[in-house]
Amino acid sequence: MTDVITQGGAEPGSEDDGADGDPVDQIRTFPFPVDLSLAGVGLQVGPMGTGRTWHAEAPLHRVHRIDFHVVMLFSEGPVRHMIDFAEYEAAAGDVLWIRPGQVHRFSRVAEYRGTVLTMQPGFLPRATVEATGLYRYDLPPLLHPDDAQRAALQAALAQLRREYEDTETLPLSLHTAVLRHSLTAFLLRLAHLAASSATAARQQSDTTFTLFRDAVEKGFTTNHSVSAYADALGYSRRTLVRAVRAATGETPKSFIDKRVVLEAKRLLAHTDLPIGRVGAAVGFPDAANFSKFFQLHTGQTPVAFRAEMR
């Protein structure tokens, strides 16, 4: 069994290197290591350990791509892992699911502990692939099962591991068939967790964005700080960024700035307030700073915009 883990204190190197040291635009793709699997089946399952890799020439702390599935169930944490250039932090009890074709990188310093499953595409029949959502790239890679879900996943994975390691009881054809059935049972539970997690995340994002939107509407004339809104709402800045981007496709800062610009346009077009007073009304005590901000976001000075509207 080839355990999936990087060892702490890896040698220095560029965080943006490919698996062989090449730039990111030449990221290497590594195939499933069938030769390292027990009995040569398209599956591996076992404990995560120290200093192991997919292939001898594939340093896991470098950015690389794989053409097989990886599922890690952590017994310790936290561990930070990059998938498709987003950082995920897994705690004890969490599950990380990396799908074929995704670019990822293991932490240089964290020790990965728990159980890892790797699976070759084509090991399961098409109907099972569809039922388990193996290629649902829209689902979150990091999952947080509750106690009951975690216990069920651990039991299913432990059964799969026992079957995987028992290469003597059954002929290879039956052994492989049993593995497929055991793997399917585990993946059905995992797919349900992933789908429900995605739904919960969308609901949370909707709620978070609504609260943010309402807070901006009340405070944009004096508060333009994303961090200040996040602190007031009790969210991390990262959570707020995810929620606003999911709801609007833009950053919280962009959302705030658009609201400020809209109000400034209203005041410029429909009132006779001096430019400095308009700026002060939307949170810019200094007229010069307001003019720079307005021109940056509209391509016009406040004076030119007002003249165009009249």
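First, a word on what this report is: a plain description of the structure on this page. Just so we're clear, the structure is a prediction, and the values are computed from it rather than from any experiment.

Focus on the packing of helix H6 (residues 252-270) against helix H8 (residues 287-298)
At step 1: One can describe the packing of H6 onto H8 by two numbers: an axis separation of 11 Å at closest approach and a directional angle of 105 degrees. Judged on the interaxial angle alone, H8 and H6 are roughly perpendicular. Residue-level contacts link Asp-257, Val-260, Val-261, Ala-264, Lys-265 and Leu-268 of H6 to Phe-290, Phe-293, Phe-294, His-297 and Thr-298 of H8.
At step 2: Considering only residue class, the contact of H6 with H8 consists of seven nonpolar, two polar and two charged.

Focus on the packing of aromatic side chains
At step 1: This structure, assessed with the given rule, holds eleven aromatic pairs.
At step 2: A ring pair is formed by Phe-74 and Tyr-112, whose centres lie 6.0 Å apart and whose planes are at 45 degrees; its orientation type is tilted. Here Tyr-112 lies in the loop between strand E8 (103-105) and strand E9 (114-119) and Phe-74 lies in strand E4 (residues 69-74), a separation of 38 residues in the sequence.
At step 3: Residue class for Phe-74 comes out buried when judged on its relative accessible area of 3%.
At step 4: For Tyr-112, a relative accessible area of 0% corresponds to the buried category.
At step 5: A centroid spacing of 5.9 Å and a plane angle of 50 degrees characterise the contact between Phe-290 and Phe-294, whose relative ring orientation is tilted. Of this pair, Phe-290 and Phe-294 both sit in helix H8, separated by four residues, roughly a single helical turn.

Brief notes about the sheet that holds E4
At step 1: Spatial ordering of the open sheet is given by E2-E9-E4-E7-E10, a layout of five strands whose pairing is antiparallel. This sheet does not close on itself; its edge strands, each paired only once, are strand E2 (43-47) and strand E10 (142-143).
At step 2: For strand E7 (residues 95-98) and E10, the ladder comprises two bridges, and the chain directions are antiparallel. Note that in E10 the partner of Leu-96 across the bridge is Leu-142.
At step 3: Contacts from helix H2 (residues 147-165) reach E2, E4, E7 and E9 within the one sheet, and its direction differs from that of E2 by about 115 degrees.

Concerning the pattern of salt bridges
At step 1: Applying the stated criterion across every chain, the model contains eleven salt bridges.
At step 2: For Asp-147, the salt bridge goes to Arg-150, with nearest N and O atoms at 2.9 Å. Separated by three residues within a single helix, Asp-147 and Arg-150 lie in helix H2, roughly one turn from each other.
At step 3: Asp-147 gets classed as exposed once you look at its relative accessible area, which sits at 60%.

Here we look at the nonpolar core
At step 1: The biggest cluster of nonpolar side chains holds 27 residues, and the ones touching the most others in it are Leu-43, Leu-117, Leu-183, Phe-186 and Leu-190.
At step 2: Elements that contribute at least two residues to this core include exactly E2, E4, E7, E9, H2 and helix H3 (172-219).
At step 3: Sorting elements by how many residues they give to this core places H3 first, with seven residues.
At step 4: With residues near it in sequence (within four places) discarded, Leu-117 still touches Leu-43, Gln-44, Val-45, His-69, Val-70, Val-71, Leu-157, Leu-160, Leu-183 and Phe-186.
At step 5: In this structure, Val-216, Phe-255, Phe-293 and Phe-305 belong to the second largest nonpolar core, which totals 25 residues.

Quick notes on the rules
- Residues numbered from 1 in each chain as written.
- Predicted model: local features only at pLDDT ≥ 70, side-chain atom pairs only at ≥ 80, totals over all residues.
- Heavy atoms only, no water.
- Axes fitted to C-alpha atoms, helices over the stretch in contact; angles between N-to-C directions.
- Helix = DSSP H or I, 4+ residues; strand = E, 2+ residues; numbered from the N terminus.
- Parallel < 35°, antiparallel > 145°, perpendicular 65-115°, else oblique.
- Contact = heavy atoms within 4.5 Å.
- Nonpolar A, V, L, I, M, F, W, Y, C, P; charged D, E, K, R; others polar.
- Phe/Tyr/Trp six-rings, centres within 6.5 Å; stacked < 30°, edge-to-face > 60°.
- Buried < 20%, exposed > 50% of the residue type's maximum accessible area, 1.4 Å probe, protein only.
- Pairing = 2+ DSSP bridges.
- Salt bridge = Lys/Arg side-chain N within 4 Å of Asp/Glu carboxyl O.
- Core = buried A, V, L, I, M, F, W, Y, C linked by side-chain atoms within 4.5 Å.

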